[in-house]
Structure formats: C-alpha cells, structure tokens
Amino acid sequence: MNNLSLLPPEEKNKIELDKQAAFFVWKVKNAKAGPELWTIEAEKLEDEAERLFFQQSIEKYKTKMGVA
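Quick caveat: nothing in here was measured; it's all calculated off a predicted structure.

Focus: the nonpolar core
Counting 14 residues, the largest nonpolar core has F24, V25, W38, F54 and I58 as the members making the most contacts within it. Secondary-structure elements contributing two or more residues to this core are α1 (9-29), α2 (36-44) and α3 (48-65). When residues in this core are grouped by element, the largest group, six residues, is from α1. Discounting chain neighbours no more than four positions away, the residues touching V25 are W38, I58, Y61, K62, M65 and V67.

Section: unusual backbone geometry
Trans peptide bonds make up most of the peptide bonds, and negative phi angles are found at most residues other than glycine. The phi torsion at A31 lies on the positive side, around 55°, for a residue other than glycine. Within the secondary structure, A31 sits in the loop between α1 and α2.

Observations concerning α1
The end-to-end C-alpha distance of α1 is 30 Å, a good match for the 30 Å that 21 residues give at a rise of 1.5 Å each. In this fold, the buried residues of α1 make contact with α2 and α3. Once α1 finishes, A31 follows within two positions and takes phi at roughly 55°, a positive value.

Looking at the packing of aromatic side chains
Across all of its chains, the model carries three aromatic pairs by this definition. With a centroid separation of 5.9 Å and 50° between ring planes, the pair formed by F23 and F24 is classed as tilted. With 6.0 Å between their ring centres and 15° between their planes, F23 and W26 make a pair best called stacked. Linking F23 with W26, this pair stays in helix α1, spanning three residues, or about one helical turn. Looking at F23, the relative accessible area reads 41%, which means it is partly exposed.

Quick word on the pattern of salt bridges
Side chains carrying opposite charge are able to pair once their charged atoms draw close together. Throughout the structure, instances matching the rule amount to five salt bridges. A salt bridge links K62 to E59, with the nearest nitrogen and oxygen atoms 3.3 Å apart. In this pair, K62 and E59 both sit in helix α3, three residues apart, roughly one turn of the helix. Residue K62 is classed as buried on the basis of its relative accessible area of 15%.

Concerning α3
With 18 residues, α3 ought to run about 26 Å at 1.5 Å a step, and its terminal C-alpha atoms sit 25 Å apart, in line with that. Buried residues of α3: R51, F54, S57, I58, Y61 and K62, and no others. Buried residues along α3 cover an arc of 140° about the axis, so they all sit on one side. Relative to its buried face, α3 has exposed residues pointing more than 90 degrees away, namely E48, A49, T63 and K64.

Basis of the calculations
Residues numbered from 1 in each chain as written. Predicted model: local features only at pLDDT ≥ 70, side-chain atom pairs only at ≥ 80, totals over all residues. Heavy atoms only, no water. Core = buried A, V, L, I, M, F, W, Y, C linked by side-chain atoms within 4.5 Å. Buried < 20%, exposed > 50% of the residue type's maximum accessible area, 1.4 Å probe, protein only. Helix = DSSP H or I, 4+ residues; strand = E, 2+ residues; numbered from the N terminus. Contact = heavy atoms within 4.5 Å. Expected span 1.5 Å × (residues − 1). Phe/Tyr/Trp six-rings, centres within 6.5 Å; stacked < 30°, edge-to-face > 60°. Salt bridge = Lys/Arg side-chain N within 4 Å of Asp/Glu carboxyl O. Arc of directions from axis to C-beta.

Right, here's the structure in full:
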C-alpha cells in the first residue's frame, strides 16, 4: 500500500479532484443537485489542466454510475 502523503502536491490534487468528481456525480444521480453542478464546479478551477482532468473524471464517473 502506498502512503498518499508522500505523493507530490500535483498528484495529491488530482486525487482530490477525482474524489470531488465522484461525489458530484453521486449527488446528481441521487437528485441532491442538478447537472449544472458539474459546470459550476469546473468553472471554479483556474488551471486549465486541472479543469480538463476534473471534466474527464466527471465523464468517467457518469459512465460508471449510469448517469446521463
């Protein structure tokens, strides 16, 4: 098992963005938020690479969770 605290900050951030994406897709799937949540949260990210990674994670979890 890897110690996540030893990862570089960029990798830690990617893990956090991926977790957030999973949570936001879960919220939409369970009718706790609308799909506009994904756009709103993505727009908060100033770094284009982070935004792209977040959007890719959203798409990944939409597929896994069966969300349109």
